[in-house]
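Structural characterization, general
If you want the building blocks of each chain, they are given just below.
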Amino acid sequence: MRCLFVFRHSPWDGSRGAESLDLLLTLAAFDQEVAVLLLDDGVWHLHPGQSPGVLGLRDLSALWRNLPLYGIGASPWVEDESLRARGLQDGDLSIPVRRIQRKRLVAFWNRFDVILRD
Amino acid sequence: MAVLHLIFRSPERDWDAVVERIAPGDSVLLLADGVLGIQREAERLLAKGVHLSVLEADLRARGFRSDHPLIRVIDFDGFVDLTVAHRRILSWK
Amino acid sequence: MNEPQTPAEASRFLSYTLQVNASPYGGEAADLAYGFARALVKKGHRLKRVFFYRDGVYHALAGAMPPADETCRIARWSELARVHGVDLVVCSAAAQRRGVWNPEAEAELAPGFRVAGLALLVESIVESDRLLIFG
């Protein structure tokens with residue numbers, strides 16, 4: 001089954017990020033074909049140099065770096081417009097990504113059988 | 001292959017990005033505070049060529065009604081039927 | 001997941017997984033999940049499982065007593081489980097994190113709810129025709 005997991009919230013939004021990643025990794029552990037898409041504030045997951053421990057939150061950056069170890073080999077998709085609106089470029093991100101323009105998302109959804117989100 | 005988009009969020013919370021991610025021919029259901037979009041956003045969605053539905057209970061709870069010929073006002077049974085007709089379902093809160 | 005359908009096939013019965021992330025009193029998403037679930041079973045579709053994740057696990061708190069002029073957001077799910085045999089599952093890790101469930105103590109959950117891991121949600125999604133996420 002082709003699955004898409006969409007992240008739209010910042011990683012500092014309580015336990016949302018940690019619990020979403022737990023679900024993402026469980027999905028991958030079931031040998032499902034999983035793609036990841038970061039939209040809106042979800043792109044902040046890949047902001048380098050975070051210290052979420054200051055807020056008592058789990059540091060998720062190692063999980064993002066090690067996605068291939070969990071069976072998610074392909075780099076996450078990141079929407080151009082979401083990056084630009086936040087003053088970010090893909091060179092600023094903590095891991096390699098694949099860029100996609102917003103206008104191409106309208107057809108992108110059809111590549112998947114099921115869509116999950118954070 | 002059309003997608004069903006469930007819009008839960010009020011139009012005060014930046015619908016532009018959401019609307020731009022919807023394809024002509026997709027279906028959109030407005031529910032929760034999303035029904036508030038019926039006032040000023042419905043024409044934009046219809047102009048885009050989407051099939052627009054609104055959850056009746058949410059509309060009535062907020063003091064609105066619609067007799068727009070292109071907007072389907074549906075109950076939970078109609079909501080279920082929409083999900084039967086669409087394999088891919090995206091929700092926008 | 002089954003292949004997409006033509007409108008002529010739209011009347012057939014499908015299997016569903018609902019993922020409820022919203023707390024029972026934190027907004028409308030949980031109410032919509034319940035309204036959808038009830039309509040789904042009444043129309044004869046198969047509600048394979050309702051999986052309560054994140055703040056949705058608060059649905060399983062036993063002993064909720066809302067004021068008399070408000071619908072009890074927990075009892076109605078228990079009723080759905082009792083009448084229609086719907087499988088109501090709360091995520092063990094999310095429930096433990098929030099103190100809703102404790103593996104060391106005798107688990108006291110609202111009637112009809114049980115605890116399981118995220119793997120059960122994934123299994124359910126894989127085996128269902130549709131996934132709906134609320135909250």
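Just so it is clear, the model here is predicted, and its values are computed rather than measured.

1. Focus on the overall build of chain B
Tallying secondary structure elements over chain B gives four helices and five strands in all. Along chain B, helices (α) and strands (β) appear in the sequence β-α-β-α-β-α-β-α-β when read from the amino end. Across its three principal axes, chain B shows a C-alpha extent of roughly 35 × 30 × 25 Å. Looking at chain B residue by residue over its 93 residues, the buried ones come to 46%.

2. So, the overall build of chain C
Looking only at helices and strands, chain C has four helices and five strands in total. Secondary structure of chain C in N-to-C order comes out as β-α-β-α-β-α-β-α-β. Projected onto the principal axes, the alpha-carbon positions of chain C cover approximately 50 × 35 × 25 Å. Every one of the 135 residues in chain C was classed for burial, and the buried ones make up 49%. Sequence-distant contacts, at least 24 apart, represent 79% of the contacts inside chain C between residues at least 6 apart.

3. Considerations on the sheet that holds strand β3 (residues 77-79) of chain A
Residues and elements named next belong to chain A. Judged by pairing direction, the sheet is parallel, and its five strands sit side by side in the order β4-β3-β2-β1-β5 without closing on themselves. Because the sheet does not close on itself, it has two edges, and the strands there are β4 (98-100) and β5 (114-117). Averaged over all pairs of adjacent strands, the angle between their axes in this sheet comes to 30°, without regard to strand direction. In this structure, strand β1 (residues 2-7) lies alongside β5, joined through four bridges in parallel fashion.

4. Here we look at the interface of chain B and chain C
Facing 15 residues of chain B, the contacting portion of chain C comprises 18 residues. Counting residues per element, the side of chain B that touches chain C draws most heavily on helix α4 (residues 76-85) of chain B, at eight residues. Partitioned by chemical class, the residues of the side of chain B that touches chain C number ten nonpolar, two polar and three charged.

5. Overview of helix α1 (residues 29-42) of chain C
With 14 residues, α1(C) ought to run about 20 Å at 1.5 Å a step, and its terminal C-alpha atoms sit 20 Å apart, in line with that. Counting buried positions over the 14 residues of α1(C) gives ten, a clear majority of the element. For α1(C), the set of buried residues is C:Ala29, C:Ala30, C:Leu32, C:Ala33, C:Tyr34, C:Gly35, C:Phe36, C:Ala37, C:Arg38 and C:Leu40. As for α1(C), its buried residues are in contact with α4 of chain B together with β1 (15-20), β2 (46-52), α2 (75-84) and β5 (130-134) of chain C. Backbone geometry just downstream of α1(C) places C:Gly44 in the positive-phi region, at approximately 95°.

6. Quick word on the interface of chain A and chain C
When the parts of a complex come together, some accessible area is lost, and that lost area is often used as the size of the interface. Across the contact, 14 residues belong to chain A and 13 residues belong to chain C. Where the side of chain A that touches chain C is concerned, the elements lending two or more residues are α1 (16-29) and β5 of chain A. Take the side of chain A that touches chain C: its biggest share by element is six residues, from α1(A). For the side of chain A that touches chain C, the per-class residue count stands at six nonpolar, three polar and five charged.

7. As for the environment of A:Leu25
All names here are of chain A. Following the sequence through the fold, Leu-25 ends up in helix α1. On the neighbour-count criterion, Leu-25 (18 C-beta atoms within 10 Å) is partly exposed. Sequence separation between Leu-25 and Ile-72 is 47 residues, and the spatial gap between their C-alpha atoms is 8.4 Å.

8. What to know about the sheet that holds strand β1 (residues 3-7) of chain B
Residues and elements named next belong to chain B. What the five strands build is an open sheet, ordered β4-β3-β2-β1-β5; its pairing is parallel. Edge positions in the open sheet fall to β4 (71-74) and β5 (88-92), since each of these has one partner strand only. Sheet twist, expressed as the mean angle between neighbouring strand axes with direction ignored, is 25°. Note: strand β2 (residues 27-30) against strand β3 (residues 51-55), four bridges, orientation parallel. Considered in β3, the bridge of Leu-29 is made with Ser-53.

9. Some details on the environment of A:Gln101
In this structure, A:Gln101 sits in the loop between β4 and α4 (102-108). In sequence terms A:Gln101 and A:Ser10 are 91 residues apart; their C-alpha atoms lie 20 Å from each other.

10. Here's the deal with the nonpolar core
The tendency in soluble globular proteins is for nonpolar side chains to be buried side by side. C:Ala33, C:Phe52, C:Ala60, C:Val90 and C:Phe134 are the most contacted members of the largest nonpolar core, which has 101 residues in total. Apart from the residues lying within four places of it in its own chain, the contact partners of C:Ala60 are C:Phe52, C:Val90, C:Ala95, C:Val100, C:Leu109, C:Ala110 and C:Phe113.

11. A short note on the pairing of β3(B)
All names here are of chain B. Among the five residues of β3, four are classified as buried, and the element is accordingly described as predominantly covered. With respect to chirality, the unit in which β2 leads through helix α2 (residues 42-47) into the neighbouring parallel β3 is right-handed. Bridge count between β3 and β4: four bridges; the pairing is parallel. Residue pairing in the sheet places Leu-55 in a bridge with Ile-74 of β4. Following the backbone out of β3, through helix α3 (residues 56-61) and into the adjacent parallel β4, one traces a crossover that is right-handed.

12. Considering the confidence of the model for chain C
Averaged over every residue, the pLDDT of chain C is 92; residues scoring 70 or more account for 92%. Quick note on the complex model: pTM equals 0.94, ipTM equals 0.96.

Parameters and conventions
- Residues numbered from 1 in each chain as written.
- Chains lettered and ligands numbered in written order.
- Predicted model: local features only at pLDDT ≥ 70, side-chain atom pairs only at ≥ 80, totals over all residues.
- Helix = DSSP H or I, 4+ residues; strand = E, 2+ residues; numbered from the N terminus.
- Buried ≥ 20, exposed ≤ 12 C-beta atoms within 10 Å, placed from the backbone.
- Contact = placed C-beta atoms within 7 Å.
- Pairing = 2+ DSSP bridges.
- Axes fitted to C-alpha atoms, helices over the stretch in contact; angles between N-to-C directions.
- Nonpolar A, V, L, I, M, F, W, Y, C, P; charged D, E, K, R; others polar.
- Expected span 1.5 Å × (residues − 1).
- Core = buried A, V, L, I, M, F, W, Y, C linked by C-beta atoms within 7 Å.
- Right-handed = clockwise from strand over helix to strand, strands pointing away.
- pLDDT = per-residue confidence, 0-100.

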